[in-house]
Amino acid sequence: MIDIRPFNSLGHADHGWLNARHHFSFANYHDPSRMGWGRIRVWNDDQIGAKSGFPPHPHRDMEIVTYVRTGAITHQDSMGNKGRTGAGDVQVMSAGTGVTHAEYNLEDEQTTLFQIWIETDKPSASPSWGAMPFPKESRNGAFQLLASGDQEDGVLTINADARILGATVKAGESIAIDAQPDRHLYLVPSGRVTVNGVAADPRDGVAITGESKVEIKAEDDSELVLVDAR
């Protein structure tokens, strides 16, 4: 099953400094049919104005993944961590027993990013944060694993049975990835694509389950972000 969530149907909040689209119910946007996808609870498509950002606020028992699309985000938290994550790179935070963090766009330009929350498999774990740059060429025409729940994968680790992957595909080319039919995959492309023959437009959400293989053909040059979760 492949269900397209058109970009113009997503929840929307414009706070001036933050222009956000919500793939799932979040804050003042509530849609009972979009409370999550499997263990994926939040997928926010955020545009953050220059020299602005999210002031300190708390979380607990949630795996929070930030994929920066353009610009950069600077993180700081109550554990003493601080770091800057640039376009195409990823940071993860396991909120565990509780953490307060802030996310600022300290750049002179707008930053765009996806913030993705995945329900934790380890409640009350010790909180943690990590960031890692990834060679951009390694995802040309193929999915690159960016974060997972398996420490043996050698990428950023979260406390959830999930994988976060990124790829770039040129117009007219295709890539494929094996899937397990009982898993929940969620894909957001930057350009027009077809997913197992179903058309999706830029920044649509593509909810996938019941498939053993997912083939994505790019109609435009496209950046793909995919989460595979229970």
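Rules used in this analysis
- Each chain carries its own residue numbering, running from 1 in the direction its sequence is written.
- The model is predicted, so local features are restricted to residues of pLDDT at least 70 and side-chain atom pairs to those at 80 or more, both for listing and for counting; the totals for chains, interfaces and linings are taken over all residues.
- Neither water nor hydrogens contribute to the side-chain values; these are computed over all heavy atoms in the structure.
- When a residue's accessible area, from a 1.4 Å probe over protein chains only, is under 20% of the maximum for its type it is buried; when over 50% it is exposed; and in between it is partly exposed.
- Comment: elements are numbered from the N terminus, with helices defined as DSSP H or I runs of at least four residues and strands as E runs of at least two.
- At least two bridges found by DSSP between two strands is the condition for calling them paired.
- Only C-alpha atoms enter the line fits that serve as axes; for helices the fit covers just the stretch in contact. Angles between N-to-C directions range over 0 to 180 degrees.
- Paired rings are identified among Phe, Tyr and Trp, the last through its six-membered ring, by centres lying within 6.5 Å, and are further divided according to the angle between planes into stacked (under 30 degrees), edge-to-face (over 60) and tilted (the rest).
- Geometrically, a lysine NZ or arginine CZ counts as sitting over a ring once it is within 6 Å of the ring centre and also within 35 degrees of the ring normal.
- Method remark: on a 1 Å grid restricted to protein atoms, a set of points is classed as a cavity if a 1.4 Å probe fits but cannot get out and as a pocket if it is open with protein on both sides within 12 Å along at least five of seven lines; lining residues have an atom within 4 Å of a point.
- Grid points are joined across faces, edges and corners, and a volume is the space filled by probe spheres set on the points.
- Gly is placed with the polar residues, together with every amino acid not listed as nonpolar (Ala, Val, Leu, Ile, Met, Phe, Trp, Tyr, Cys and Pro) or charged (Asp, Glu, Lys and Arg).

(A) How the structure looks around the pairing of strand β21 (residues 213-218). The two faces of β21 differ: Val 214, Ile 216 and Ala 218 on one face are buried, but Lys 213, Glu 215 and Lys 217 on the other face are not. Judged from the five bridges that link them, strand β16 (residues 174-178) and β21 form a sheet pairing that is antiparallel. Following the sheet pairing, Ala 176 is matched in β21 by Glu 215. Where strand β18 (residues 193-195) lies against β21, three bridges are found, and the strand directions are antiparallel. Each residue of the ladder has a partner; that of Val 193, found in β21, is Ala 218.

(B) Representation of the sheet that holds strand β2 (residues 11-14) within the structure. Strand order in the open sheet formed by seven strands is β2-β3-β4-β11-β6-β9-β12, with antiparallel pairing between adjacent strands. Strands with a single pairing partner mark the edges of an open sheet, and in this sheet they are β2 and β12 (128-132). Neighbour-to-neighbour, the strand axes of the sheet open up by a mean angle of 15°, direction not taken into account. Where strand β3 (residues 18-22) lies against strand β4 (residues 40-48), five bridges are found, and the strand directions are antiparallel. Across the sheet, Leu 18 pairs through a bridge with Ile 48, a residue of β4.

(C) Region of interest: the pairing of strand β22 (residues 222-229). With seven of eight residues buried, β22 lies mostly within the body of the structure. Note that strand β15 (residues 162-169) and β22 share eight bridges and pair antiparallel. Across the sheet, Arg 163 pairs through a bridge with Asp 228, a residue of β22. Note: strand β17 (residues 184-189) against β22, six bridges, orientation antiparallel. Bridge pairing in β22 links Pro 189 to Leu 224.

(D) Geometry of the packing of aromatic side chains. All told, the structure shown has five aromatic pairs when counted by the stated rule. Taken together, a centroid distance of 5.2 Å and an interplanar angle of 80° make the contact between Trp 17 and Phe 54 edge-to-face. Linking Trp 17 in the loop between β2 and β3 with Phe 54 in strand β5 (residues 52-59), this pair joins segments that are 37 residues apart in sequence. Residue classification places Trp 17 among the partly exposed residues on the basis of a relative accessible area of 31%. Residue class for Phe 54 comes out buried when judged on its relative accessible area of 17%. By way of ring pairs, the aromatic residues Phe 24, Trp 43, Phe 114 and Tyr 186 are connected into one cluster. It is Arg 5 that lies over the ring of Trp 37; its NZ or CZ is 5.4 Å from the centre.

(E) Quick peek at empty space enclosed by the protein. Under the counting rule described, the total for this entry stands at one cavity of 30 Å³ or more. Considering only enclosed or pocket space, the largest cavity measures out at about 40 Å³ in volume. Taken together, Ile 64, Thr 66, Gln 91, Val 92, Met 93, His 101, Glu 103 and Gln 115 make up the full set of residues lining the largest cavity. Of all the secondary-structure elements, those providing two or more residues to the lining of the largest cavity are β6 (62-70), β9 (90-94) and β10 (99-105). Per-element accounting of the lining of the largest cavity gives the leading share, three residues, to β9. Taken together, the residues of the lining of the largest cavity sort by class into three nonpolar, four polar and one charged.

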